[in-house]
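# Geometric and topological summary
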Amino acid sequence: MKHHTFAKTPPMGWNSWDCYGATVTEDEVKGNADYIAEHLKPFGWEYVVVDIQWYEAGAVSSAYRPFVPLEMDEYSRLIPAVNRFPSAANGKGFKPLADYVHNLGLKFGIHIMRGIPRQAVHNNTPLLGTNIRARDIAHPNSICPWNTDMYGIDPEKEGAQEYYNSLFQLYAEWGVDFVKVDDIAASRLYYFHKAEIELIRNAMDRCGRNMVLSLSPGPAPLEYSEDLKENANMWRMTDDFWDHWSLLYGMFERCEKWYEHVGPGHWPDCDMLPLGHIGLRSVDGGGGDRWTRFTKDEQVTMMTLWAIFRSPLMFGGELRDNDEWTLSLLTNKEVLEVNQTSHSNRLIERNGDKIVWAATNDKGQTYIALFNAGEEKADIKVTLDQLGLSKGLQARDLWKHEEMGLVTDGIQQTLAPHSSILLKLY
């Protein structure tokens, strides 16, 4: 499959949702892009993604304003709100902002909702490349339960494919490299939108530009794993992930279900990293403007799980406010190497809240992650026999960059609640 030839490693980047909700502005996007170029690009971070409702001139937070007018072109396609993205004036759309990001050596992404704008359907506006009009392809009963912007599209209708083709033709003209499509992987009302996903895949394949396809929200249904691989580069295993231990605890089970489906070009997605300064203009996740509620141990545990599972890494905070600690989580080459280059990632053992994962690198060396997901201090151990390894290996702590000495029979670590350790055996 062509789309498996790019995003061969888990995509790494920044997304505006966790800090700005639906309200991010051009200057804020540029500022975070500048930060990535200066501080994170050498470590593999490259995507800059504008999340939901960039076409909503009056967006005020992550709480959507229902049934408000949206910025739209003459062919029923949403376009950036000029008051928030001034460079989009005079029909330029996101091309100037994408050019800015590209000139930093980075890649540009956007979020869209599945379907067609309700206002296009109500006004029965034209579609590019066909005599069919908006009302002819809409599925007015296929709605998103948490956002009023769109109706779903009836995939059986003439003009449905042409409409999606026109969208991705526009995104290719803008220079988009990454598209996150929402209300599609696990719609709360209609489950899994297989036919609309296939329309999008077809449109992307025709548009002449390689774009990573990310599907949201989750949990995506495991029984559709093959359809997800055939059509997308990444898909959410979870609903929106926030800085609550209960959500991080639940991610272990999700990773256990999905790890067999991880591979080049197709990545089950643990969702964004709610780290650093978040909630600036977002009320989601049970809080407003704040620093992440995760403790330092929990932050390391999250990064370790995302690394050993090989989830995409999308930072959600305002990067320019990062402290040294937060930056250190994003620039640990040895940990990022696990995420980007390991294979055979797997659960070795779960005994209640004592969890052991392993992976292998291209040199045949073994990575081991030990997790204490419980509420009390615990001894976590794994034997070399369990890992299929011979005796006499050296162990290295990848977070501390410290050698731990010779391993003869196995590894045993006493870990605090919610904490973890990530090792390389060689």
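Residues numbered from 1 in each chain as written. Predicted model: local features only at pLDDT ≥ 70, side-chain atom pairs only at ≥ 80, totals over all residues. Heavy atoms only, no water.

### Details of the sheet that holds strand β15 (residues 354-360)
The six strands lie next to each other as β14-β15-β16-β21-β18-β19, forming an open sheet whose pairing is antiparallel. Both outer strands of the open sheet, β14 (343-351) and β19 (402-407), are each paired with one neighbouring strand and no more. Pairs of neighbouring strands in the sheet enclose a mean axial angle of 25°, with direction left out of account. In this sheet, strand β21 (residues 420-425) lies alongside strand β16 (residues 366-372) in antiparallel orientation, the contact comprising six bridges. When the sheet's bridge partners are listed, L370 is paired in β21 with I421. Packed on one face of the sheet, helix α9 (residues 245-258) meets β14, β15 and β16 and runs near 125° to β14. (Pairing = 2+ DSSP bridges. Helix = DSSP H or I, 4+ residues; strand = E, 2+ residues; numbered from the N terminus. Axes fitted to C-alpha atoms, helices over the stretch in contact; angles between N-to-C directions. Contact = heavy atoms within 4.5 Å.)

### Regarding the layout of surface pockets
Reported here for the largest pocket is a volume of approximately 270 Å³. Lining the largest pocket we find 15 residues, and of these V300, D397, W399, K400 and S420 sit closest to its centre. If you list the elements that add at least two residues to the lining of the largest pocket, you get α10 (296-309), α11 (324-330) and β21. The leading source of residues in the lining of the largest pocket is α10, at four residues. Residue composition of the lining of the largest pocket, by class: seven nonpolar, four polar and four charged. Taken as a whole, the second largest pocket spans an internal volume of roughly 220 Å³. As for the second largest pocket, its lining consists of 16 residues, of which W17, Y64, W146, D240 and D284 are closest to the centre. The class makeup of the residues in the lining of the second largest pocket is six nonpolar, two polar and eight charged. (1 Å grid on protein atoms, 1.4 Å probe; cavity = no way out; pocket = protein on both sides within 12 Å on 5 of 7 lines; lining within 4 Å. Points joined across faces, edges and corners; volume = space filled by probe spheres on them. Nonpolar A, V, L, I, M, F, W, Y, C, P; charged D, E, K, R; others polar.)

### Details of the environment of R310
Considering the arrangement of structural elements, one finds R310 in the loop between α10 and β13 (313-315). With 28 residues separating them along the chain, R310 and V338 place their C-alpha atoms 7.6 Å apart. Not counting residues up to four positions away in its chain, the partners in contact with R310 are T9, P10, V262, W267, V338, N339, Q340, T341, S342 and N345.

### Regarding the packing of α9 against α10
As a packed pair, α9 and α10 sit with axes 11 Å apart at the nearest point and diverge in direction by 15°. Comparing their axes, α10 and α9 come out roughly parallel. In terms of crossing hand, the pair formed by α9 and α10 is left-handed. For the pair α9 and α10, contact is made by W245, L248, M251, F252, C255 and W258 and by E298, T301, M302, L305, W306 and F309, respectively. Of the residues belonging to the contact of α9 with α10, the class tally is 10 nonpolar, one polar and one charged. (Parallel < 35°, antiparallel > 145°, perpendicular 65-115°, else oblique. Left-handed = near helix turned anticlockwise from the far one by under 90°.)

### Topic: helix α6 (residues 160-174)
Between its first and last C-alpha, α6 extends 22 Å over 15 residues, near the 21 Å set by a 1.5 Å rise per residue. In terms of burial, α6 is largely enclosed, as 12 of its 15 residues are buried. Along α6, the residues that are buried comprise A160, Q161, Y163, Y164, N165, S166, L167, F168, L170, Y171, A172 and W174. Note on α6: the residue one or two positions beyond its end, G175, has a positive phi of about 95°. (Expected span 1.5 Å × (residues − 1). Buried < 20%, exposed > 50% of the residue type's maximum accessible area, 1.4 Å probe, protein only.)

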